[in-house]
Amino acid sequence: MKFAKEMAFYSAYHQEKRNVWIHVLGVPTITFTLFLVLNRLELVNVFGYTITAATVFGIVVLAYYFTLDFIFAAATTLVFGSLMFLAQYITLSLTATTAWSIFAVAQLVGWGAQFYGHFIFEKSRPALFDNLFQAVVSAPIFVIADVFFELGLRKDVQEAVRQELAAQGKLKNFSTAH
């Protein structure tokens with residue numbers, strides 16, 4: 001299962017529940033503010049609709065997600081597509097200085113919280129240090145999957161990820177850490 005193999009890399013760094021929930025909040029924050037500034041870069045106007053760097057980035061990333069898993073990709077499209085359109089709407093009312101200020105603060109808070117989660121709860125370095133693509137591009141679909149798993153959905157995929165982690169010798173046990 002392609003998705004389980006891809007997510008196993010990410011999950012090797014995200015097994016402690018508090019760290020996972022920090023990412024469930026931090027990744028959308030980081031992604032939203034990335035959309036906020038990418039919307040400022042207008043590429044072309046098609047039939048009265050402005051195509052921005054955020055639009056292109058969002059479409060390319062979502063297309064990649066659909067190669068991994070249809071259900072998770074569809075859920076990610078709803079959540080992150082909504083963030084993209086909200087960022088586009090908000091961008092129209094912000095000055096460049098305000099947009100960049102929001103970006104800077106939210107990026108610092110989002111990344112800072114995630115680093116905290118890794119070093120304090122996970123007791124390991126972030127995946128960002130080993131695979132920037134996974135950390136920036138793939139993280140949104142993986143946090144959606146984490147929410148599904150917490151809700152008891154897609155247990156077969158969760159088990160496939162767990163088995164992949166075990167096969168790689170990267171499965172951790174945090175049950176005594178709480």
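Residues numbered from 1 in each chain as written. Predicted model: local features only at pLDDT ≥ 70, side-chain atom pairs only at ≥ 80, totals over all residues. Heavy atoms only, no water.

Looking at the pattern of salt bridges
Within the structure shown, the criterion is met by 7 salt bridges. With a closest N to O distance of 2.8 Å, Glu-16 and Arg-18 form a salt bridge. For Arg-18, a relative accessible area of 35% puts it in the partly exposed group. Lys-172 is paired through a salt bridge with Glu-122; the nearest N and O atoms lie 3.5 Å apart. Highlighted residues: Lys-172 in the segment after α7 (155-167) and Glu-122 in helix α5 (residues 96-122), separated in sequence by 50 residues. (Salt bridge = Lys/Arg side-chain N within 4 Å of Asp/Glu carboxyl O. Buried < 20%, exposed > 50% of the residue type's maximum accessible area, 1.4 Å probe, protein only. Helix = DSSP H or I, 4+ residues; strand = E, 2+ residues; numbered from the N terminus.)

Some words on the packing of helix α1 (residues 2-11) against helix α6 (residues 132-150)
α6 packs onto α1 with a crossing angle of 105 degrees between their chain directions and a minimal axis gap of 10 Å. As judged from the angle between their axes, α1 and α6 are roughly perpendicular. Here Phe-3, Glu-6, Met-7, Phe-9 and Tyr-10 of α1 come into contact with α6, specifically with Gln-134, Ala-139, Ile-141, Phe-142, Val-143, Ala-145, Asp-146 and Phe-149. In terms of residue class, the contact of α1 with α6 is made up of 10 nonpolar, 1 polar and 2 charged. (Axes fitted to C-alpha atoms, helices over the stretch in contact; angles between N-to-C directions. Parallel < 35°, antiparallel > 145°, perpendicular 65-115°, else oblique. Contact = heavy atoms within 4.5 Å. Nonpolar A, V, L, I, M, F, W, Y, C, P; charged D, E, K, R; others polar.)

Examining the nonpolar core
By size, the foremost hydrophobic cluster in this structure holds 41 residues, and its most contacted members are Phe-3, Met-7, Tyr-65, Phe-72, Ile-141 and Phe-149. Contributing elements (two or more residues each) for this core: α1, α2 (17-38), α3 (53-68), α4 (70-91), α6 and α7. Here this core gets 9 residues from one element, more than from any other, and that element is α6. Beyond its immediate sequence surroundings of up to four residues, Tyr-65 is in contact with Ala-73, Thr-76, Val-137, Ser-138, Pro-140 and Ile-141. (Core = buried A, V, L, I, M, F, W, Y, C linked by side-chain atoms within 4.5 Å.)

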